[in-house]
Amino acid sequence: MNKIGIILTPDTRSKAYITKIISNKIKIDEIIFLDDKKEEEKFHKDIIIESKKYGFDISKSVKSIILKNNLIVKKFDFVDINNSKLIQYIKKSNIEFFIFTGGGILKKDILNCKSKFIHFHPGIVPKYRGSTCFYYSILNENNCGVTSFIMDENLDTGDIIYQKKFEKPSHKFIDDVYDAHIRSETMLDLFNKKLLNKKFKKQKPKGNTYYIIHPVLKHIATLSCILDLKNKSN
Amino acid sequence: MEYQYSKKDHFKFPEKYQMTSFQNLEFLNVYIKSREFNLKTIKENIKENTNIKENTNFKDISFKIENKNWKNGKKKDINTEKLLKFLFLEITKKSSKEEILLNKIIKKFEIKKKIFESYNLEFKENTKKYSNLKNYILLSIICLFKFKKTKNLKFLNTSLKLNDLISSQIKKLIILEDISLYSFVIKKELEIIRILMSKKGVSNE
């Protein structure tokens, strides 16, 4: 059995990941919580309702979920994955794979630890690398995808564990709810299908890196999801 | 509601576009109106100055480049304006091998939100000057051309950001060629966005 840990940060994705781990009774060997104690965002009731439909409550902080479920966690008072204190801690750990919920590139020091880091990227690589890929995928293909891979020193180029496609959403809460939902659902497959025991696939180097989406394209993508639903229901 | 992404001075306050809010169809209406207003404003400026040939398609745009070599041999650096003109000429050819260079300069702009007037051969900026609007306009034209050719949204995305930045500096557009090229690039952008909206069933009627 692989020893698996998770590194949580105080954000929406971590809320979805840890809630689904708990509700699906998934065994996690270690939980690390990077918490810079910044005040968490407040959400409108419509977003909260939508998040609950997807199996997590966006209004509940990661900290409150940890407390409510009496989870044993190792806490750090920063959110930087490349922080030397975290690296020192991980170097001593016997965890084989850490699920990393946050963003950014892992630097050499942390990559040199014996633990490997798993990321759930909201795009089918190598076609969709980079930022806000779900919007580009909605515009190009009318659907979205998630790739779980082993993080390396480059952006979204690591060995592929698993890829999964999702129907586009029927609501406008794509950044806050849908993104967290598709990533956390892919994480569940990783456990349920025991994918870490299988051989990982090397990525083709040639791909497409997207940058953060412009609001005009974001609106066209989001409206295409909402209006499509309206057209279907008429 | 107004289109806020070209309102503030992008050189002083770079726009990062992180977690932008969703504002329904009204947002696309104000975006189109804002771009059309800019076109009207710039057209009035052209009238006040002189008659200038309006470019209507990519083929109409040609740049007189005395020296195709965008590397300044002695200084071992890259003149960005020369490079962009060279890139435009190259990408309009059927077989373009300049994709790597184009991706490098797009990455530079997407990260720094600025195009510096010169770079060293490792593509690190070696000047603090970044206010030459022609560079932003040229890159935007190249990106729109690439989008037309490849349908890769990456290029349209960068062009939209460049056009926001140029629009935020519209009062500084005084060179006739720049005014003409800005007018061209905004018209092309609107044409492409309207087609995309229609294709995705998003109507602003």
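Residues numbered from 1 in each chain as written. Chains lettered and ligands numbered in written order. Predicted model: local features only at pLDDT ≥ 70, side-chain atom pairs only at ≥ 80, totals over all residues. Heavy atoms only, no water.

Asker: Explain the overall build of chain B to me, please; I cannot follow it from the model alone.
Answerer: Secondary structure assignment for chain B yields six helices and three strands. The helix and strand sequence of chain B, counted from the amino end, reads α-β-β-α-α-β-α-α-α. Residues counted as buried form 51% of the 205 residues belonging to chain B. Sequence-distant contacts in chain B: of pairs separated by 6 or more residues, those separated by 24 or more amount to 68%. Surface summary for chain B: the accessible area is close to 10800 Å², and the carbon and sulfur share equals 51%. (Helix = DSSP H or I, 4+ residues; strand = E, 2+ residues; numbered from the N terminus. Buried < 20%, exposed > 50% of the residue type's maximum accessible area, 1.4 Å probe, protein only. Contact = heavy atoms within 4.5 Å. Areas by Shrake-Rupley, 256 points an atom, 1.4 Å probe, with all protein chains shown as cover.)

Asker: I'm lost on the interface of chain B and chain A in this one. Help?
Answerer: Interface size is often expressed as the accessible area that is lost when the parts come together. On the chain A side, the residues contacting the 33 residues of chain B number 26 residues. A buried area of about 2600 Å², summed over both sides, lies between chain B and chain A, and 70% of it is on carbon and sulfur atoms. One can count zero salt bridges joining chain B with chain A. Where chain B packs against chain A, one counts 13 residue pairs in polar contact (both at pLDDT 80 or more). Listing elements by their share of the side of chain B that touches chain A, those giving two or more residues are α1 (24–49), α3 (99–112), α5 (153–168) and α6 (176–199) of chain B. Per-element tally for the side of chain B that touches chain A: the top contributor is α5 of chain B, with seven residues. Considering only residue class, the side of chain B that touches chain A consists of 17 nonpolar, eight polar and eight charged. (Buried area = accessible area lost by both parts, 1.4 Å probe. Salt bridge = Lys/Arg side-chain N within 4 Å of Asp/Glu carboxyl O. Polar contact = N/O pair within 3.5 Å; in protein donor to acceptor, adjacent residues only side chain to side chain. Nonpolar A, V, L, I, M, F, W, Y, C, P; charged D, E, K, R; others polar.)

Asker: Is there a simple way to think about the pattern of salt bridges in this case?
Answerer: Opposite charge on two side chains permits pairing when their charged atoms draw close. Residues and elements named next belong to chain A. This structure, assessed with the given rule, holds 31 salt bridges over all chains. A salt bridge links K202 to D159; its shortest N-O distance comes to 3.0 Å. Of this pair, K202 sits in the loop between α7 (174–192) and β9 (209–210) while D159 sits in the loop between β7 (143–150) and β8 (160–167), and the two are 43 residues apart along the sequence. With relative accessibility at 25%, the residue D159 sits in the partly exposed group. Linking K164 and D189 is a salt bridge whose minimum nitrogen-to-oxygen distance equals 3.0 Å. Of the two residues, K164 is situated in strand β8 and D189 in helix α7; the sequence distance between them amounts to 25 residues.

Asker: Mind showing me how you'd approach the sheet that holds strand β5 (residues 116–121) of chain A here?
Answerer: As a general point, the strands of a sheet are linked pairwise by backbone hydrogen bonds and lie either parallel or antiparallel. Residues and elements named next belong to chain A. Here seven strands make up an open sheet; going across it, the order is β3-β2-β1-β4-β5-β7-β8 and the pairing mixed. Looking at strand neighbours, the two that pair on one side only are β3 (74–76) and β8, the edges of this open sheet. Strand after strand, the sheet turns through a mean of 20 degrees between neighbouring axes, direction not considered. Sheet strands in contact with helix α4 (residues 84–92) are β1 (4–8), β2 (30–34), β3, β4 (97–100) and β5, and its direction is about 175 degrees off that of β2. With respect to the sheet, α7 is in contact with β1, β4, β5, β7 and β8, its orientation differing from that of β8 by roughly 135 degrees. (Pairing = 2+ DSSP bridges. Axes fitted to C-alpha atoms, helices over the stretch in contact; angles between N-to-C directions.)

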